[in-house]
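One-letter residues, chain by chain:
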Amino acid sequence: MSINRQWLLAKRPQGMLSLDDFVYNETAIPIADLAAGDLLLRNLWFSFDPAQRGWMDDRASYLPPVALGEPMRATAVAQVVASANEQFPEGSLVQGLFDWQDYTRVSADNPMQPHPIPTGTPPNYPLSIFGATSLTAYFGILDVGKIKAGDTVVVSGAAGAVGSVAAQIARIKGCRVIGIAGGIEKCEWLINECKLDAAINYKAENIDQQLTLLCPDGVDVFFDNVGGNTLEVLLEHMSDHGRIVSCGQISQYNAEQPNAGPSNLNRITERRLRLEGFILMDFIERIEEAMNDIAPWVMGGELAFREDVQEGFENIPATLLRLFSGQNAGKQLLKISDPTEV
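Predicted, not measured: the structure shown is a model, and the values here were computed from it.

Undergrad: Describe the overall build of the protein, listing the residues and the values that go with them.
TA: Helices and strands together make up the secondary structure of the protein, namely nine helices and 15 strands. For a compact globule of 342 residues, the expected C-alpha radius of gyration is about 20 Å, and the protein comes in at 21 Å, within 12% of that figure. In terms of principal-axis extent, the alpha carbons of the protein reach across some 65 × 45 × 35 Å. Every one of the 342 residues in the protein was classed for burial, and the buried ones make up 51%. Counting only carbon and sulfur atoms, one obtains 51% of the accessible surface of the protein, whose full area is about 15600 Å².

Undergrad: Account for the nonpolar core, with residues named and values stated.
TA: Ile141, Val153, Leu190 and Ile294 are the most contacted members of the largest nonpolar core, which has 40 residues in total. The residues contacting Ile294, other than those within four sequence positions of it, are Ile129, Phe130, Ser134, Leu135, Tyr138 and Leu303.

Undergrad: Which residues make up the sheet that holds strand S12 (residues 238-246), and what values go with them?
TA: Sheet architecture is open: six strands sit in the order S10-S9-S8-S11-S12-S13, paired in parallel fashion. Of all strands in the sheet, those with a lone pairing partner are strand S10 (198-201) and strand S13 (274-277), marking the two edges. Adjacent strand axes in the sheet meet at a mean angle of 15° when their direction is disregarded. In this sheet, S10 lies alongside strand S9 (residues 176-181) in parallel orientation, the contact comprising four bridges. Paired with Ala181 across the two strands is Asn201, which belongs to S10. On the sheet, helix H5 (residues 207-214) packs against strand S8 (152-156), S9 and S10 and is oriented at approximately 165° with respect to S10.

Undergrad: Give me the lowdown on the packing of H5 against helix H6 (residues 228-235), citing residues and values where you can.
TA: Contact pair H5 / H6: the axes reach a minimum separation of 10 Å and the direction vectors enclose 35°. When the axes of H5 and H6 are compared, the crossing they make is right-handed. The segment H5 lies against H6, with Ile207, Asp208 and Leu211 engaging Thr230, Val233 and Leu234. Grouping the constituent residues of the contact of H5 with H6 by class yields four nonpolar, one polar and one charged.

Undergrad: How would you sum up the side chain of Thr133? Please name residues and give values.
TA: Following the sequence through the fold, Thr133 ends up in helix H2 (residues 132-144). By relative accessible area, Thr133 is classed as buried at 9%.

Undergrad: Tell me about the environment of Val162, residues and numbers included.
TA: Mapping Val162 onto the fold places it in helix H3 (residues 161-172). Judged by relative accessible area, which is 15%, Val162 ranks as buried. As for Val162 and Gly150, which are separated by twelve residues in sequence, their C-alpha atoms are 22 Å apart. Dropping the residues within four chain positions of it, Val162 is found in contact with Thr133, Thr136, Ala137, Phe223, Asn225 and Cys247.

Undergrad: Tell me about unusual backbone geometry, residues and numbers included.
TA: Outside of glycine, negative phi angles account for most residues, and trans bonds account for most peptide bonds. A positive phi angle, near 50°, is found at Lys146, a position not held by glycine. Of note, Lys146 is situated in the loop between H2 and S8.

Undergrad: Describe the state of the cysteines, with residues and values.
TA: Tallied over the full model, the rule gives zero disulfides. The thiol of Cys187 is not disulfide-bonded; the next cysteine sulfur, from Cys194, is found 11 Å away. On the basis of relative accessible area, Cys187 is assigned to the buried category, the value being 8%. Under the relative-accessibility criterion, Cys194 is labelled buried at 1%.

Undergrad: Let's hear about the pairing of strand S11 (residues 219-224): which residues, and what values?
TA: Burial analysis of S11 places six of its six residues in the buried class, which makes it a mostly covered element. Note that S8 and S11 share three bridges and pair parallel. Among the inter-strand pairings, Val153 is bridged to a residue of S11, identified as Val221. The pairing of S11 with S12 spans five bridges and is classified as parallel. When the bridges of S12 are listed, Phe222 appears paired with Ile244. As a crossover connection, the stretch from S11 through H6 into S12 is right-handed.

Undergrad: Pulling in residues and values, what's your account of the pattern of salt bridges?
TA: Charged atoms that come close allow side chains of opposite charge to pair. One pass over the full model with this rule turns up 18 salt bridges. Between Asp21 and Lys11 there is a salt bridge, with its nearest N and O atoms 2.7 Å apart. With Asp21 in the loop between strand S1 (3-9) and strand S2 (22-28) and Lys11 in the loop between S1 and S2, this pair connects stretches of sequence that are ten residues apart. For Lys11, a relative accessible area of 38% translates into the label partly exposed. One salt bridge in this structure joins Lys148 and Asp151, with 3.3 Å as the shortest N-O distance.

Undergrad: I'd like a description of the side chain of Gln332, backed by residues and values.
TA: Structurally, Gln332 can be placed in strand S15 (residues 331-335). Looking at Gln332, its side chain comes within polar contact range of the side chain of Arg322, at 3.1 Å. In contact with Gln332, not counting residues within four places along its chain, are Phe46, Ser47, Phe48, Asp308, Gln310, Thr319, Arg322 and Leu323.

The rules behind these values
- Residues numbered from 1 in each chain as written.
- Predicted model: local features only at pLDDT ≥ 70, side-chain atom pairs only at ≥ 80, totals over all residues.
- Heavy atoms only, no water.
- Helix = DSSP H or I, 4+ residues; strand = E, 2+ residues; numbered from the N terminus.
- Rg over C-alpha atoms; globule rule 2.2 N^0.38 Å.
- Buried < 20%, exposed > 50% of the residue type's maximum accessible area, 1.4 Å probe, protein only.
- Areas by Shrake-Rupley, 256 points an atom, 1.4 Å probe, with all protein chains shown as cover.
- Core = buried A, V, L, I, M, F, W, Y, C linked by side-chain atoms within 4.5 Å.
- Contact = heavy atoms within 4.5 Å.
- Pairing = 2+ DSSP bridges.
- Axes fitted to C-alpha atoms, helices over the stretch in contact; angles between N-to-C directions.
- Left-handed = near helix turned anticlockwise from the far one by under 90°.
- Nonpolar A, V, L, I, M, F, W, Y, C, P; charged D, E, K, R; others polar.
- Disulfide = S-S within 2.5 Å.
- Right-handed = clockwise from strand over helix to strand, strands pointing away.
- Salt bridge = Lys/Arg side-chain N within 4 Å of Asp/Glu carboxyl O.
- Polar contact = N/O pair within 3.5 Å; in protein donor to acceptor, adjacent residues only side chain to side chain.

Below is the structure:
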C-alpha cells in the first residue's frame, strides 16, 4: 500500500455513538527516517472495548481524550515493518495501544511502548483470551473482589469478554456463580460452556425476582460491568460485608444526560458493603503473574471464550457500534490482514 488509511474522530458523540462521529481519511505513510528506538508498525487486528466510548468525551480520565481530527485510539496487534530498535526485529508481531490507521509510528520516548508477541501465537489471542479483558477480569475478581470458595458471585455483562472470564475464574476458585446476560443464546452459553450455576436473561426475566429465587442468602460478590438499574437491584441483594467490583457502566456510556445514581446507596452503610472501582493499569506490573494462571486454564479447557470477528478496514466504526447494541457474541475484534512473511 502507498497510503495510510485512517478513521478520525470527527466530533464529540452526543448520546449513542453514530457512524457520523467518525470520518475516513487518507494520508502518507509515516516512512521518514526512524530515530534510534523508533518503530513503524502495520496494524493487523483491532480490539473493541466499551472504554473507547469514554475516550471520546472531552473530560479528564485515566487517559487523555482522543483529540478531534485525530485517529481513534484502540488496542491492536501490529507487525513491525521498519525498526530502529533491536528488541523489535522487522517482521515480528507486537501488541499495544495504537490508532485506527494502517500504519503507526511509535517513538522511543512514547510512554506506551508495545509488547512483543511470542512466536507462534495466533495474532488474535493477545486481544481476546490472552489480552486486556482477561487480565481485567483476573485482577478485578481476585484482588478487588477478594473471592473465596463458597461465595455466591453475580456477574453482570457475563457473556462479554471481561464478564465471562471473571465469572469462570470465580467458578474455578470454588464459588457459586450466577451470570446476567441479554438473550437466551448467551445464557445457554454461560451455563453449557462456561459452566456457571445459573444465568439470568435480563431481556426476558426480572432480575430482582430471579435473584430472590437464586440467592436467598444474599450475594457475597457482585462484579459489575453494567451499572445503572442493575447495580440498584443488586444493592438490595448483597449480603452483609459484601463486595461490589465496579469494572464498567456500559448502560450509562451513551446517555445524553447524566443518569441519577442508584436510589438505595444507603444499603452500602446498612450492610457494611465495599464498592471499589479499578482499572487494569493499577496492576500493570503483575501481568506475568496473571498469565501464569490464565494460560494453563485456557489450555486445560477451564476457560471457555468466544470471539466475534469482523473484517475490513472500512467496517471499523460499525464494529465499535456493535458493542452498544449487544450484537457481539464474545470478544469483539476486527481483522485487517494477515502478517506478511519476512
